[in-house]
Amino acid sequence: MKKLLKLCVVVAAMAMTLSLFACGEAPQEKKAEPAPAPKAEAPAEEAKTLKAGFVYVSPVGDAGYSYAHDLGRKAVDGLDYVTTAYVESVPEGADSERVIRNMARKGFDVIFTTSFGYMDPTIKVGKEFPDVNFMHCSGFKKSENVSNYFGRIYQSRYLTGLVAGSMTKSNKLGYVAAFPIPEVIRGINAFTIGAREMNPDVEVRVVWTKTWYDPALEKDAAKSLLDAGCDVIAQHQDSPAPQEAAQEAGAYSVGYNSDMSSFAPKAHLTSAIWNWGPAYVKTMEQVKNGTWNGNQSNWWSMADGVVDIAPMGPMVPEDVKAKVNAHKANLAAGQDTIFAGPIKNQKGEVVVAEGTTVPDGDLLGMTWFVEGVVGTTE
Amino acid sequence: MLKIRKREEPWKWGALVIFLGALLFSLGVSALLLAGQGKDPIEGMIILWQGSFGNLWALEGALLKAIPLFLCSLGVAVAFRMQIWNIGAEGQFALGAIGATWMALSFPDLPGVILMPLMFAMAFILGGLWALIPAVLRLKLRVNEIISTLMLNYIAILLLDYLVFGVWKDPASFGFPMTPEFSAAAIIDGIGSSRVHWGLLFCVIVGIGLWAFMSFTRLGFELKASGEGARVAKYAKIRYGMLVMFVMCLSGGFAGWAGCVETSATLNRLQPSLMVGYGYTAIVVAWLARLEPLNIAFASFLLAALRVGVENLQLELQIPAAFGTIMEGIILLTVLAGQLFILYTLEFKKSRQG
């Protein structure tokens, strides 16, 4: 027995020594780090390498919000002067601050923080590392070296609403929604406006899951909407579970983030999708050319190629496709009249008068539902 | 033939040897997994080490993360020692954060010396009261506290959501769910120029206080004795019901303190992203540490360091985040399975008869 104990102690001691070696190596690594910095200071050099870091709130997986950002990262990675790295499943709050700071310390030139909850940490770390450029997605704060960005995904929502409104037979659409924040509320409103444009009798029923990624819960929420008679399910989460629920019930579905057709080919009408590639590539070009600026708020639209819809499924009639594509062409040309008046709220009161449009500031802080939405914003 | 035989007396240094052995074993398995991903396992382990302990800021990160884990775990362990299964640290943590925020938002102009104690007191009271509910339910209605504490977690998180989405929402936040930032007096500062805040000192005080309480007071002794079961306690004329309520309050109060420290020191405001599951991880830590306060300090630091290190591993080698969860699972499993060898031993026997 004593022999076994001794053996264990020896092994443990060996491990300790080994790890000490590893520890000893750390400073050398650190010394090696600043090497690329002088390179960056010499603008004449053409083989300048930029390091772009990405922080994701969920696992990249094969669909969803972070997956869409990661497609953008891959587009950037294809540039010959950029190397990229990412960290996934980073909880918002204290953990994200550490991850972002770690990236800044390791000499990343541009750091994309892709979730709302990373806002305060990004601003905080930004102050500590004035030479690093930060791009924060979906927030509202900015500083000298922090710009924020987001896309007008409501434009895609509107188009998917057109499709859903044309396809429903029960005139009830279900919307599995994440959190009652302006981004989600805006999307529900645009979807509803689109659906009612095709079919004024449509109502959109909203269920809040208070989750971004919880397949089981989101599937149940979709089922409850299906049970209530909804025959098209739209969603605002990362998991494709609501799509599957719709297919199992023989209903239709509208996906989000990335093309979700592979998860429910029979149900999937289309998806509101992110296409970050062009915007991320542009950002890297700006950083390379020295034209990137902090303190910017970018709200990219379909005209910038950042938001889009997935190809419509074979069940969507040609005339609907044609109509949707016509609207899409308008949006791509920069003509956005989705939130143009008259718009009524849930009580039927006109809150946006004819001839006026909801300004961007109000869209960004939207906390009320339009007429036709069944549910509360709480 | 390999046989399992019960030891005459528990293996004295067993716990330490088994812990280190299990840790080594888990690291070995993890290295194999890395190799399976096509990554260099040695390099991976070095990167993991650097990310966890390799430099000052890694240590800082781990310490920071260990603080709420330690407090929650301490609370959970107190209840577990009395065989009260408090799975509700997550909810009690949320209530603590709510209590602290309540004070911070109500009296933003008070000086820190008054406001800080108010925040800690309210965090302890709300966390403790939240834990008192299942205690009373158990005593009066025989409701299993595992279920009730777990269920109360969901209610607590919804309550937190209600507050930050509703009455406490910052009007300047564009409708996003968060309270206004606390006044400077309500924010726990960093120690010197480091990132580690004074919550660390608080942890040390609470840890020593609890140890002294359990070792030197009559009540502490009664708590330990009641751990053997309600009937034992009754024979010893210990007021079991009172003790259950007391221990749950203490347990919830500690988790509440964790919530207070975390909101004040790291987020500086209340928002839903505060809830990252420390209350659940605390259960893992408590068992890894066999419910001893000093061990809990080590275990929470080790687990925090592992989580911080895995981020570095992710960044450098681009492995999936799930790898960290898998490593954690393997470590917990091997350490707990290894406990067998404290009471039992393996021996080789040549058996020719069979």
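Reading the values: rules and limits
Residues numbered from 1 in each chain as written. Chains lettered and ligands numbered in written order. Predicted model: local features only at pLDDT ≥ 70, side-chain atom pairs only at ≥ 80, totals over all residues. Helix = DSSP H or I, 4+ residues; strand = E, 2+ residues; numbered from the N terminus. Buried ≥ 20, exposed ≤ 12 C-beta atoms within 10 Å, placed from the backbone. Contact = placed C-beta atoms within 7 Å. Axes fitted to C-alpha atoms, helices over the stretch in contact; angles between N-to-C directions. Parallel < 35°, antiparallel > 145°, perpendicular 65-115°, else oblique. Left-handed = near helix turned anticlockwise from the far one by under 90°. Nonpolar A, V, L, I, M, F, W, Y, C, P; charged D, E, K, R; others polar. Pairing = 2+ DSSP bridges. Domains from an automatic or database assignment. pLDDT = per-residue confidence, 0-100.

Draft legend 1. Seen up close, the overall build of chain A. Along its length, chain A carries 12 helices and 15 strands. Taking all 378 residues of chain A together, the buried fraction comes to 49%. Sequence-distant contacts, at least 24 apart, represent 64% of the contacts inside chain A between residues at least 6 apart.

Draft legend 2. Inspection of the overall build of chain B at higher detail. Per the secondary structure count, chain B includes 14 helices and 2 strands. Projected onto its principal axes, the C-alpha coordinates of chain B cover approximately 80 × 60 × 35 Å. Considering chain B as a whole, with its 354 residues, one finds that 47% of them fall into the buried category. Considering only contacts in chain B between residues 6 or more positions apart, those separated by 24 or more positions represent 77%.

Draft legend 3. The arrangement of the packing of helix α3 (residues 56-81) of chain B against helix α7 (residues 199-216) of chain B in detail. Residue and element names in this part refer to chain B. Their axes nearest at 10 Å, the elements α3 and α7 cross at an angle of 25°. Taken together, the axis directions place α3 and α7 in an arrangement best described as roughly parallel. The way α3 lies across α7 gives a crossing that is left-handed. Contacts from L63, I67, F70, L71, L74 and V78 of α3 reach α7 at G199, L200, C203, V206, G207 and L210. Looking at the contact of α3 with α7 residue by residue, the class counts come to 10 nonpolar, 2 polar and no charged.

Draft legend 4. The arrangement of the packing of helix α4 (residues 89-106) of chain B against helix α5 (residues 112-141) of chain B in detail. All names here are of chain B. Put simply, α4 and α5 touch, their axes get as near as 7 Å, and they point 145° apart. In this structure, α4 crosses over α5, and the sense of that crossing is right-handed. Residue-level contacts link G91, Q92, L95, G96, I98, G99, A100, W102, M103 and A104 of α4 to L115, L118, M119, M122, A123, I125, L126, G127, W130 and A131 of α5.

Draft legend 5. A look at the interface of chain B and chain A. Counting from both sides, the interface comprises 35 residues of chain B and, opposite them, 39 residues of chain A. Of all the elements in the fold, those that place two or more residues in the side of chain B that touches chain A are α1 (14-36), α2 (41-52), α3, α6 (145-165), α10 (240-267) and α12 (293-317) of chain B.

Draft legend 6. Here's a closer look at the sheet that holds strand β4 (residues 133-137) of chain A. Residues and elements named next belong to chain A. Here 6 strands make up an open sheet; going across it, the order is β2-β1-β3-β4-β5-β11 and the pairing parallel. Either end of the sheet is taken by a strand with one partner, and the two such strands are β2 (82-87) and β11 (297-300). Averaged over all pairs of adjacent strands, the angle between their axes in this sheet comes to 20°, without regard to strand direction. Summarising the sheet, β4 and strand β5 (residues 146-151) pair through 4 bridges and their orientation is parallel. When the bridges of β5 are listed, F134 appears paired with V146.

Draft legend 7. Main features of the pairing of strand β8 (residues 232-235) of chain A. Residues and elements named next belong to chain A. Alternating residues of β8 divide into V232 and A234 and I233 and Q235, and every residue in both groups is buried. Here 4 bridges tie strand β6 (residues 172-177) to β8, and the two strands are oriented parallel to one another. Considered in β8, the bridge of G174 is made with I233. In this sheet, strand β9 (residues 252-257) lies alongside β8 in parallel orientation, the contact comprising 3 bridges. Each bridged residue has a counterpart across the sheet, and for A234 the counterpart in β9 is V254.

Draft legend 8. A look at the environment of K349(B). Of note, K349(B) is situated in the segment after β2 (344-348). Separated by 210 residues in the primary sequence, K349(B) and L139(B) have C-alpha atoms spaced 51 Å apart.

Draft legend 9. Region of the structure containing the domain arrangement of chain A. Residues and elements named next belong to chain A. Domain boundaries assigned for chain A yield domain 1 (48-151) and domain 2 (153-274 + 307-374). Spacing between the C-alpha centres of domain 1 and domain 2 amounts to 28 Å. The dominant element in the side of domain 1 that touches domain 2, judged by the number of residues it contributes, is helix α3 (residues 65-77), at 4 residues. Here the side of domain 1 that touches domain 2 is composed, by residue class, of 6 nonpolar, 5 polar and no charged.

Draft legend 10. Examining the confidence of the model for chain B more closely. Summarising the model, chain B shows a mean pLDDT of 90, and 98% of its residues fall at 70 or more. Here the prediction assigns the complex a pTM of 0.85, and the interface score ipTM is 0.88.

Draft legend 11. Highlighting the pairing of strand β10 (residues 268-274) of chain A. Residue and element names in this part refer to chain A. Among the 7 residues of β10, 7 are classified as buried, and the element is accordingly described as predominantly covered. Here 5 bridges tie β9 to β10, and the two strands are oriented parallel to one another. Bridging across to β10, S253 finds its partner in H268. In this sheet, strand β12 (residues 307-309) lies alongside β10 in antiparallel orientation, the contact comprising 3 bridges. Bridging from a neighbouring strand, A272 pairs with I309 of β12.

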